[in-house]
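Examining the three-dimensional arrangement
Read off the chains here:
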Amino acid sequence: MNFPKYFQFFIKELNKNRSKITKVFFTIFVSLLIFSSVVILENNIEGEIKNNSRVLLGGDLELSTKNEALDLNFLNELKENFLITEVIEFSSIIRAENEKNKATRIKVIDNFYPLVGRAIVEPPGSLKTLKTKPNTILIDKTSQKNLGLKLGEIIKLQNTPFEVIGVIKSLPDIGGFFVFGDQALIHKSSFRDLKINNLGSFVGFKYKLVKADNNKKLPSSISKYKNLEIKYPEDVSQNLKKAIENFIYFLSIISASAIIISGIGLKNALFSFLSNNQLKIAILKSLGLSSQNIKALYYSQTLLVLIFCSLCAYISSLVLISFIDQSLLNFLKIELKVKFRIYEYLIIQFFSILIFFMFSKPVLDVIDQIKVADLFRNFDTHLNLNYSRRSILEISTLVLIFIFSFCILNVKPQQTAIFFLFFIVISFFYFFLSKFYIVILNKIKNVKNIFFKIGIKNLRVYSSLNSTIIMTMGVGMTVLFFLGILSSNINKELNSSIPENAPHYFFLGIQKNEINLFSQQIRQIDFQAKQIIVPMISARIETINNKKPKEIIDEKNKSFWFINGERRISWSKEPPSNNPLVKGNWWNSDQSNTLELSLDHKVANDLKLEIGDSITFNIYGNSVSGIIKNFRKVDYRDLNINFAILFNPEYASKIPHEFMSTVKFKNDDAVNLGNLLKKLPAINYIKLSDYIKKTKNFLNKLLIVSILISGLVILIGFIVISNAVSVIGNLKVYQNLVLRILGFEKSNIMKLIIFESLILFLPVIISSLLISITFSYFFISSFFNIDWYFNFSVPLIISIFFLFVLVVTLLLSNRKYINFNAYSLLKNG
Amino acid sequence: MNKRLEMKNLYKLDNIHLNYHVNGNDIKVLKNINFVINKNERVAIIGESGSGKTSLLMLMSGLEKPTTGSIFFNNENLSKISEEKVTQIRRKKIGLIFQQFYLLPNYTSLENVMFPMQINNIKNEKKKANLILSDIGLAHRKNNLPSELSGGEQQRVAIARAISFNPEVILADEPTGNLDEKNTELVSDLLINYSFKKKISLILVTHNMGLVKKCDRVIKLFDGSIKV
Ligand SMILES: Nc1ncnc2c1ncn2[C@@H]1O[C@H](COP(=O)(O)OP(=O)(O)O)[C@@H](O)[C@H]1O
Ligand SMILES: [Mg+2]
């Protein structure tokens, strides 16, 4: 056949197979859609974060100190080489005149703010007004709403009145993390009267520097300032990247599952297509087309579908992402500039072609098994999918290429590899399960019941097909159950109520002379309020066993936070009731000259610390060394007072300190803190329920996205599984036709179908459930650090849904011969 | 002299044996078959069911290889040459007709008749196919699918398909086996007439005595051997 003729034939065949192609198209399209979205997100977010990190930082570099402003001489020295804006951040309560109040992060800015990026405020001129008009404030939208404020109204910051002159829409320098809480801007000139030097203010002085020209460097005198922290744009992007990487990793694992599942789907679809078209292929061969010709025809059709699929998927995900971009990613301050990139498209194309060679080619090679001789003998030899040794080798190589390229393209290669390993292991498990099954079936003899007889016979005859189906189903159901259990666990964690004995409020920044006033005020609000007041200091860890802490612990370690930045430390005579001792002894109260320490045992484990080790702290400028005396089990999730470090009181009480307090009111809704805040304007509070609500809100958004995507994969899984099931159905059309002619009733055939599928699928459902329960247990307890929980309703719903899909699919694919028409039999032989 | 004679040979079967190997036993399906078929000859193969007629046709179409012996088609040894070459020969020179018709299911009558011409790169295939279809009286059914045709009509389309590309020989396995009396007559006449008109050799397996009589020669099979 010459090319134009062949092409004509090709187009004709494509057209005739339209309806089958659309079915396959859908599953592949969806999986490639997820995959290309992941690729696009991965490429763009990282680039975008890199590009934006200067804006997110607010300059070419940032110097920051806790507690105190930068030395003036040094600042002047810096000014020779840099443009500088000073931003002082602290937490405080703002109070409206209607007594509503709110914890807010205040940014004190100077005239130069912002040096880079744009602060968007409403009305547009209000940032200028802020800089010129004293005692004015810009607040954010949520505060405005919650406090019921209008422009021009007065709010109190501590006891100083401020006029609300505008609303903040967005600020450029969010420092790499999206802002959880509420924020407000005031100008330096209005700042004098405010007290920000207590521990509850979490004050930070930040200096954002922009180089006057490119080769300006920091002066060498900087080394004198020990508490100075220097941040570059890369540091900001590092933080944000880490957070986003986790999410993208999750997405890409999902997309890998989707690709594999849809590849299996493609394989099944092609197989059922071939078995339905055996006769036609035999005729084509009898007319002189060679196996090669026919394979080339279907190769090119499948490839064409895949190429078209990839193109559609890539373009749709571009559209999808620019849509998501506007609604979802805005809070990350990231504006993706998605556009068609040939490089990204080629990646998608590469993977889709890999799918072809992994899943389609081996099936299409079955065409060789179809013989013209069958036309003379006139019966269907049913196709059996027996891979030759060569094609098994081919497939294994391709699988390795697939895994390898997927892993190196991924943000977390090792974890992705582990995921694939799991995938391969369970595939093998199901493969052997299916073989074991056949062995068992072969052992069953001497059955009287006709259903048993036919059913077992069928399972044996279609054994290679059944093992494909068992593998498809097993892998598919395991992933489905796993996703189901995972999301039910996350959901439960998110919706778990605040622990019974958790306090309602944390009050911070209470000075020694204010304790009595504070307790009295709390009692005035609620006589029965339970309050616990503990002392608190802030310290920085200087050395651990005379080594720099960063030499001991890696940034990736879970307990890195312990040595990073300032630690709040308290002391106690008795071991705290919620922190049981796990190792060592509690201190005696007579040794007042040595500093003794009690540590969180998890942290101690991660840092490999032992009883008797020493830690040197920097406390308000002085170095103080202490000896570790014991370890406590600290469960931060009980939301009561928990300190990673406790001092012995005899020593610590000599250090200048302030207090924090937790309060649990009888009825938290009726509480009005107005008076208390008026009397103690400098203290700060955290309302637990607000805080949890915000966190939950954010996590819920992520969860919804995750569930949506997992749901999509589950859907693909169902389509693929139901297709696999209908392959068997189609193969047995002839047999069931004969059964009907021999006098089997409709109901009998249905019974047979259901019986067969039950013995085939029940063990698969049970073992996939067991595997996913075990795996989810390890996965959740090691990666999520939450208590694994199992709710039987989730797998039950999935199973019921699955069985429903199964029955519908079976009935649909078998409707041909359940309501068969004898006429068609007479007509076509 | 000898060579000239061979030129006239279409088929030469030389000491053919065919065994099937089933469950460790050899079933002797064809035993010591020798015959020659000349060009432009019409030969009927008859014999009881199970005597090996279909197996013989399969050997002659190159779909099956003999256990021992040689089959020469136009002096080429079908049992020696590659699968690919056999496929090419079948595509260009052999038309097959089956008892069950076996038209391409999603193709119309016209498309079915055109198909062999297309794969053989024969020009004007549409015009030629239309001509043949009106010749066999099915011009009005040319756009129907096989499932919309009666058995007789389907077999006529199959014959049209088999002769459309001017093969050297048509191998037909019980072409009238599924047809009623009237259609048997119609199909038999078509086959014989085309064979004469286009000088196509015809080798057919049949139980229909009317058709046997129209042939030049009869080969009788009995239990896998030729019965004289
Ligand atoms: N694939 C096969 N395996 C074993 N025996 C076969 C096979 N095909 C045909 N036979 C046997 O070969 C003999 C001849 O069959 P066949 O050529 O179809 O006879 P006919 O067409 O004359 O009825 C029969 O006995 C049949 O059982
Ligand atoms: Mg026969």
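In what follows, the structure referred to is the one given above.
Cut-off values and rules
- Residues numbered from 1 in each chain as written.
- Chains lettered and ligands numbered in written order.
- Predicted model: local features only at pLDDT ≥ 70, side-chain atom pairs only at ≥ 80, totals over all residues.
- Heavy atoms only, no water.
- Axes fitted to C-alpha atoms, helices over the stretch in contact; angles between N-to-C directions.
- Helix = DSSP H or I, 4+ residues; strand = E, 2+ residues; numbered from the N terminus.
- Parallel < 35°, antiparallel > 145°, perpendicular 65-115°, else oblique.
- Left-handed = near helix turned anticlockwise from the far one by under 90°.
- Contact = heavy atoms within 4.5 Å.
- Nonpolar A, V, L, I, M, F, W, Y, C, P; charged D, E, K, R; others polar.
- Core = buried A, V, L, I, M, F, W, Y, C linked by side-chain atoms within 4.5 Å.
- Buried < 20%, exposed > 50% of the residue type's maximum accessible area, 1.4 Å probe, protein only.
- Domains from an automatic or database assignment.
- Pairing = 2+ DSSP bridges.
- Buried area = accessible area lost by both parts, 1.4 Å probe.
- Salt bridge = Lys/Arg side-chain N within 4 Å of Asp/Glu carboxyl O.
- Polar contact = N/O pair within 3.5 Å; in protein donor to acceptor, adjacent residues only side chain to side chain.
- Patch = residues over 30% accessible without salt bridge, like charges linked within 9 Å, V, L, I, M, F, W, Y side chains within 5 Å.
- Areas by Shrake-Rupley, 256 points an atom, 1.4 Å probe, with all protein chains shown as cover.
- Lys, Arg positive; Asp, Glu negative; His and termini not counted.
- Charge placed at Lys NZ, Arg CZ, Asp CG, Glu CD.
- Phe/Tyr/Trp six-rings, centres within 6.5 Å; stacked < 30°, edge-to-face > 60°.
- Near = heavy atom within 4 Å.

1. Describing the packing of helix α9 (residues 342-364) of chain A against helix α11 (residues 389-409) of chain A
Residues and elements named next belong to chain A. α11 packs onto α9 with a crossing angle of 160° between their chain directions and a minimal axis gap of 10 Å. In terms of axis orientation, α9 runs roughly antiparallel to α11. Regarding α9 and α11, the two cross each other, and that crossing is left-handed. In this structure, α9 contributes Ile347, Phe350, Phe351, Leu354, Phe357, Met358, Lys361 and Pro362 to the contact, and α11 contributes Glu394, Ile395, Leu398, Val399, Ile401, Phe402, Ser405, Phe406 and Leu409. Here the contact of α9 with α11 is built from residues that sort into 14 nonpolar, one polar and two charged.

2. Describing the nonpolar core
Phe402 of chain A together with Tyr11 of chain B are the most contacted members of the largest nonpolar core, which totals 156 residues. A total of 18 residues in this core trace back to one element, the largest contributor, which is helix α6 (residues 233-276) of chain A. Each of two domains, domain 1 (1-57 + 240-411) and domain 3 (415-501 + 688-829) of chain A, supplies a minimum of three residues to this core. In this structure, Met114, Ile132, Leu138 and Ile163 of chain B belong to the second largest nonpolar core, which totals 36 residues.

3. Description of the sheet that holds strand β5 (residues 76-77) of chain B
Residues and elements named next belong to chain B. Within the open sheet, the four strands sit side by side as β2-β1-β4-β5. Their pairing is antiparallel. This sheet does not close on itself; its edge strands, each paired only once, are β2 (25-38) and β5. Across five bridges, strand β1 (residues 9-22) lies against strand β4 (residues 68-73) in antiparallel orientation. The partner of Asp14 across the bridge, within β4, is Ser70.

4. Notes on the interface of chain B and chain A
Contacts between the two partners involve 32 residues from chain B, matched on the other side by 28 residues from chain A. A combined buried area of about 2,900 Å² lies between chain B and chain A, and 59% of that area is made up of carbon and sulfur atoms. On the chain B side of the contact with chain A, Tyr102, Tyr107 and Ile119 of chain B bury the most area, a combined 19% of that side's loss. Here chain B and chain A share zero salt bridges between them. Counting across the interface, chain B meets chain A through two residue pairs in polar contact (both at pLDDT 80 or more). Taken together, the elements giving at least two residues each to the side of chain B that touches chain A come down to α2 (53-60), α3 (83-93), α4 (109-119) and α6 (151-164) of chain B.

5. Description of a positive patch on the surface
There is a patch of like positive charges on the surface, built from Lys443, Lys445, Lys457 and Arg460 of chain A. Locating Arg460 of chain A in the fold gives a position in helix α13 (residues 450-461).

6. A short note on the pairing of strand β17 (residues 622-632) of chain A
All names here are of chain A. In terms of strand pairing, strand β14 (residues 581-584) meets β17 through three bridges, oriented antiparallel. Along β17, the bridge assignment pairs Gly584 with Asn630. Strand direction decides the pairing type here: strand β16 (residues 614-619) and β17, joined by six bridges, are antiparallel. Bridge pairing in β17 places Thr616 opposite Ser625. Between the end of β16 and the start of β17, which pair antiparallel, lie two residues, with Tyr620 showing a positive phi angle near 45°.

7. Quick look at the packing of aromatic side chains
Residue and element names in this part refer to chain A. Scanning the model with the defined rule gives 39 aromatic pairs over all chains in all. Seen from their ring centres, Phe35 and Phe351 are 5.0 Å apart, and the 70° between their planes marks the pair as edge-to-face. With a gap of 316 residues between them, Phe35 in helix α2 (residues 18-57) and Phe351 in helix α9 connect regions that are remote in the sequence. Of the residues examined, Phe351 reaches a relative accessible area of 0% and is grouped as buried. Ring centres of Phe90 and Phe191 lie 6.0 Å apart, and the angle between their planes is 45°; this geometry places the pair in the tilted category. A residue pair is termed long-range when its members are at least 10 positions apart, and Phe90 in strand β2 (residues 82-96) and Phe191 in the loop between β8 (183-187) and β9 (204-211) qualify at 101 residues.

8. Let's talk about the side chain of Glu566 of chain A
All names here are of chain A. Positionally, Glu566 belongs in strand β13 (residues 566-571). Among the polar contacts made by the side chain of Glu566, one reaches the side chain of Ser538 at a distance of 2.5 Å. If sequence neighbours within four positions are ignored, Glu566 has contacts with Lys66, Ser538, Ala539 and Arg540.

9. A short note on the sheet that holds strand β7 (residues 169-173) of chain B
Residue and element names in this part refer to chain B. Spatial strand order, β6-β7-β8-β3-β9-β10: six strands in an open sheet with mixed pairing. Bordering the open sheet on either side are β6 (94-97) and β10 (225-227), each of which pairs with just one other strand. Strand-to-strand twist of the sheet, defined as the mean angle between neighbouring strand axes without regard to direction, takes the value 25°. On top of the sheet, α6 reaches β6 and β7; it is set at about 170° to β6, its chief contact.

10. Some words on the site of ligand 1
The immediate surroundings of ligand 1 are formed by Arg377 of chain A together with Tyr20, Val22, Val29, Glu48, Ser49, Gly50, Ser51, Gly52, Lys53, Thr54 and Ser55 of chain B. Nearby residues place ligand 1 at the junction of chains A and B. Thr54 of chain B places a polar side-chain atom, nitrogen or oxygen, 2.6 Å from an oxygen atom of ligand 1. At a separation of 2.6 Å, an oxygen atom of ligand 1 approaches a polar side-chain atom of Ser55 of chain B. In isolation ligand 1 offers 560 Å² of accessible surface; the protein chains occlude 67% of this area. Taken together, the elements giving at least two residues each to the shell around ligand 1 come down to β1 and α2 of chain B. The element best represented in the shell around ligand 1 is α2 of chain B, accounting for three residues.

11. What to know about a negative patch on the surface
Residue and element names in this part refer to chain A. Taken together, the side chains of Glu229, Glu234, Asp235, Asp554 and Glu555 make up a negatively charged region of the molecular surface. By secondary structure assignment, the location of Glu555 is in the loop between α16 (549-552) and β13. Overall, the relative accessible area of 54% leaves Glu555 in the exposed class.

12. A short note on the side chain of Ser427 of chain A
Residue and element names in this part refer to chain A. Mapped onto the fold, Ser427 is located in helix α12 (residues 413-443). Polar side-chain contacts of Ser427 include one of 2.7 Å to the backbone oxygen of Phe423. Aside from chain neighbours lying at most four places away, what touches Ser427 is Met471 and Val475.

This is a description of form; function is not addressed.
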